[in-house]
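Summary of structural features
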Amino acid sequence: MGKFKFAFYWAASCGGCEIAVLDTDEKILDVVEKADIVFWPVAIDVKKKNVEAFQDKSIDVCFFNGAIRTSENEEMAHLLRKKSKVLVSFGACACFGGIPGLANVSNREEIFTLVYKELPSVVNPGGVTPQTSYKAPEGELTLPVIYDTVKALHQVVDVDYFLPGCPPTPELITKAVTAIFEGNLPPKGSTLAPEKALCEECPLEIVEKKIPEVKRPYEVSPDGKRCLLEQGLICMGINTRSGCGAQCIKANMPCRGCMGPTPEVSDQGAKLISAIASILGVEGEETKSDEETARLISQIRDPLGTFYRYTLPVSLLKRKVMQK
Ligand code: SF4
Ligand code: SF4
């Protein structure tokens, strides 16, 4: 068999997933030995028209990172789906919508108004916002349409595998690439990461069953031994998929859920809200007054950004309902 043909693409994301590929260090040389990278806009100069000229299904594996935020993201998702035998949703933004997906609490008009007209640092006397078409003397210039709603990759095209994380760790990437080379991939639709919850690979000890107060990271100096949740920090390890090596926990930061939910959980945020509600309070206390409940809830400063930081577009809510 000849060399594999790989493609990498960057849609609506920060670019960290591209760096994660390079973080595989010398193992990237094994990839280059066994695979030709036929499309990777951040690294090689292959144009969209070149990809359009590829035969259908001629790319063996395409690693697609980033959410679907614009018409260009969607167009490239359809093109790369058509040209690839295997399409991998790579990273939290492609798998769940990720950080860009938090924009689903708003819409394009509100975002443009804030960013181009209202922010204190903006000087825009004409109130100009991005247009999709502009007739310049030299000809028409176009920009992609920014959508009101951010979507995960599988919400617009068929996806074969999911490789989550913000970004996916070099270990998980290497394992996935090895499985591809050895023809050892799991069934279509699988997530290429362990199924168990992060708490199961966490080195910290769970002692208490209740958390009396919720705190923010700057208010706590974790003792390095006890579960961060017990120390008042909202940690999403309970229902977040493992595989990252608990790297945030080892740096004394609570898990934010970037590996997405464990397989049995359909809504990562709702599940954690339910779990936190059941352990918030004092040991032995059966009921709480409404005032005490309100006080504890008010300690969670950013519920949406805490519980749905990476998964709003694939949650039951998906987005805020906007007035037309
Ligand atoms: S909640 Fe967080 S800190 Fe506690 S055991 Fe789970 S992953 Fe570790
Ligand atoms: S600890 Fe949580 S937020 Fe941090 S890398 Fe792991 S899954 Fe992601």
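The structure reproduced in this document is the subject of the present report. (Residues numbered from 1 in each chain as written. Chains lettered and ligands numbered in written order. Predicted model: local features only at pLDDT ≥ 70, side-chain atom pairs only at ≥ 80, totals over all residues. Heavy atoms only, no water.)

Let us look at the overall build of the protein. Check the secondary structure of the protein and you find 11 helices and 9 strands. Relative to the 2.2 N^0.38 estimate, which gives 20 Å for 324 residues, the radius of gyration of the protein is 22 Å and therefore close to what a compact globule would have. Each of the 324 residues in the protein was classed as buried or not, and the buried ones make up 44%. Summarising the internal contacts of the protein: among those between residues at least 6 apart in sequence, 74% fall at separations of at least 24. Entry remark: accessible area of the protein is about 17300 Å², with carbon and sulfur atoms responsible for 56%. Distance from the positive charge centre (38 side chains) to the negative charge centre (42 side chains) of the protein: 3 Å. (Helix = DSSP H or I, 4+ residues; strand = E, 2+ residues; numbered from the N terminus. Rg over C-alpha atoms; globule rule 2.2 N^0.38 Å. Buried < 20%, exposed > 50% of the residue type's maximum accessible area, 1.4 Å probe, protein only. Contact = heavy atoms within 4.5 Å. Areas by Shrake-Rupley, 256 points an atom, 1.4 Å probe, with all protein chains shown as cover. Lys, Arg positive; Asp, Glu negative; His and termini not counted. Charge placed at Lys NZ, Arg CZ, Asp CG, Glu CD.)

Near ligand 1 you find C199, C202, L204, I206, C227, L228, C235, G237 and I249, and these make up its full shell. A per-class count over the shell around ligand 1 returns 8 nonpolar, 1 polar and no charged. (Near = heavy atom within 4 Å. Nonpolar A, V, L, I, M, F, W, Y, C, P; charged D, E, K, R; others polar.)

Turning to a nonpolar patch on the surface, a few remarks are in order. Side chains of L114, V115, Y116 and L119 sit close together on the surface and give an oily, nonpolar patch of about 300 Å² of accessible area. Tracing the backbone shows V115 in helix α6 (residues 108-118). Looking at V115, the relative accessible area reads 36%, which means it is partly exposed. (Patch = residues over 30% accessible without salt bridge, like charges linked within 9 Å, V, L, I, M, F, W, Y side chains within 5 Å. Salt bridge = Lys/Arg side-chain N within 4 Å of Asp/Glu carboxyl O.)

Strands sit in the order β2-β1-β3-β5-β9 across an open sheet of 5 strands; the sheet is parallel. Pairing within the sheet leaves two strands with one partner each, and these edge strands are β2 (35-39) and β9 (161-163). Averaged over neighbouring strand pairs, the angle between their axes works out to 30° when direction is ignored. Pairing of strand β1 (residues 4-10) with β2 involves 4 bridges; the strand directions are parallel. Along β2, the bridge assignment pairs K5 with D36. Against the sheet, helix α7 (residues 170-181) contacts β1, β2, β3 (59-65), β5 (84-90) and β9, and its axis sits at roughly 145° relative to β1. (Pairing = 2+ DSSP bridges. Axes fitted to C-alpha atoms, helices over the stretch in contact; angles between N-to-C directions.)

So, on to the side chain of T70. With respect to the helices and strands, T70 occurs in strand β4 (residues 68-70). Residues within four places of T70 in sequence aside, it is in contact with P144, V145, I146 and Y147.

Let us look at the packing of aromatic side chains. Under the definition given, this model contains 10 aromatic pairs. Here F4 and F6 contribute two aromatic rings whose centre-to-centre distance is 6.3 Å and whose plane-to-plane angle is 55°, an arrangement assigned as tilted. Note on accessibility: F4 and F6 belong to one class, buried. Summarising the aromatic geometry, the rings of F8 and W40 are spaced 4.8 Å apart at their centres and angled 40° between planes, so their arrangement reads as tilted. Of this pair, F8 sits in strand β1 while W40 sits in the loop between β2 and α3 (48-53), and the two are 32 residues apart along the sequence. Here the two residues F8 and W40 agree in accessibility, since each one is buried. Three or more aromatic residues joined by ring pairs make a cluster, and in this case those are F4, F6, F8, W40, F63, F90 and F181. (Phe/Tyr/Trp six-rings, centres within 6.5 Å; stacked < 30°, edge-to-face > 60°.)

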